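So the chains spell out like this:
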Amino acid sequence: MAQYKVAYPYVAAIKTEPEATEATYEKGLALGKMIDVEVTPNYNEASLYGDNALSEYVKEFKDLDVTLNTTSLPVEAFTALFGQTVAENNKEVKANINDIAKYVGFGFVKGEMVENVTTYVAVWFPPAEKCTTKGDSITWNTPSITGKGTSDNAGNWKYMKIFDAENEALEFIKSKFTPAELGG
C-alpha cells in the first residue's frame, strides 16, 4: 500500500495495565495537527555460532523510537507527556528536575491507496515507518516530540485496523482511551 497522508495525533496516559493484559487509557489529548511521524521499532538480536557457522539467531522486540511533528503543541501536553506543571489558566509551564514523564498510548490515522482505492488505517503503537501529510514546497518550523515506546503487559506494541472512511479510523483511535474524558 502507498501511504500518502496522515492526521489526528492523539495521546492518552495509561490508566491501568494489569499483568499480562492490554493497557487501558485515561483522557485522550489531541496534539495539534499532524505533519509527520516516524516510529521505529528496536530489537535485541543475538547470533550463536557453532562449527564455524550460524547455528541460532534470535530477534526480539525491545522498544520504539517515536518522533512526532505537529503544527502546534497544546499546553496540556506538557503535563500529559512530560509531567510538567501548567498554571495560571494554561499560560505558564514549569519544568522541574523532579518531573516524571508519563507512559502514554499514541495513535493516528493514515491514508493508504491501492489500485486507486483509498482506505484509512487507524494506528495505535504504530509500526516502523515515516508518514507525512499532504504538503507543498513551503517549509515551516514546528514542534517536534521524541520519545520511547514499549509494549503493554500483554506484550502488544502495535495495533492497526483498516477502514473505508477516515472518520471510522479516527473513532477507533478514540475508542482506545476513556471516551467520557475525551480532550482535544
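Here, every reference points to the structure presented above.
Residue positions within a chain follow its written sequence, with the count starting from 1. Whole-chain, interface and lining totals are the exception, using all residues; otherwise, since this is a predicted model, local features are given only for residues with pLDDT of at least 70 and side-chain atom pairs are given and counted only at 80 or more. By convention in this description, side-chain values take in all heavy atoms of the structure and omit both hydrogens and water.

Undergrad: Explanation requested: helix α2 (residues 166-175) in the structure shown.
TA: Any residue under 20% of the maximum accessible area for its type is buried, any over 50% is exposed, and the rest in between are partly exposed; the area is computed with a 1.4 Å probe on protein chains only. Per the convention used, a helix needs a DSSP run of H or I reaching at least four residues, while a strand needs a run of E reaching at least two, with both numbered from the N terminus. What α2 keeps buried is the set A169, L170, F172, I173 and K174. We call two residues in contact whenever any of their non-hydrogen atoms come within 4.5 Å of each other. Residues of α2 that are buried make contact with β1 (2-16), β7 (104-114), β8 (117-124) and β11 (159-163).

Undergrad: Sorry if this is basic, but what is going on with unusual backbone geometry here?
TA: Note: most residues except glycine have negative phi, and most peptide bonds are trans. Of note in this structure, N89 is not a glycine but carries a positive phi near 55°. Within the secondary structure, N89 is located in the loop between β5 (85-87) and β6 (92-94). On the accessibility criterion, N89 (74% relative accessible area) is exposed. Non-glycine residue N116 carries a positive phi angle of around 65°. Mapped onto the elements of the fold, N116 is located in the loop between β7 and β8. Residue N116 is classed as exposed on the basis of its relative accessible area, which comes to 66%.

Undergrad: Honestly, the sheet that holds β8 in this entry has me stumped. Any pointers?
TA: Whether parallel or antiparallel, the strands of a sheet pair through hydrogen bonds between backbone atoms. For two strands to pair, DSSP has to find at least two bridges joining them. One open sheet accounts for five strands, arranged β2-β1-β7-β8-β11; its pairing is antiparallel. Looking at strand neighbours, the two that pair on one side only are β2 (24-30) and β11, the edges of this open sheet. On average, adjacent strands in this sheet sit at an angle of 25° to one another, irrespective of strand direction. Axes, fitted as lines to C-alpha atoms, cover a helix only where it is in contact. Angles between the N-to-C directions of the axes lie from 0 to 180 degrees.

Undergrad: Would you mind going over the pairing of β7 with me for this structure?
TA: Both faces of the sheet carry side chains from a regular strand, because those side chains alternate between them. Counting buried residues in β7 gives eight out of eleven residues, a clear majority hidden from the surface. Note that β1 and β7 share nine bridges and pair antiparallel. Its bridge partner being in β7, Y10 is matched across the sheet by G107. As judged from the eight bridges shared by β7 and β8, these two strands associate in the antiparallel manner. Each residue of the ladder has a partner; that of V114, found in β8, is V117.

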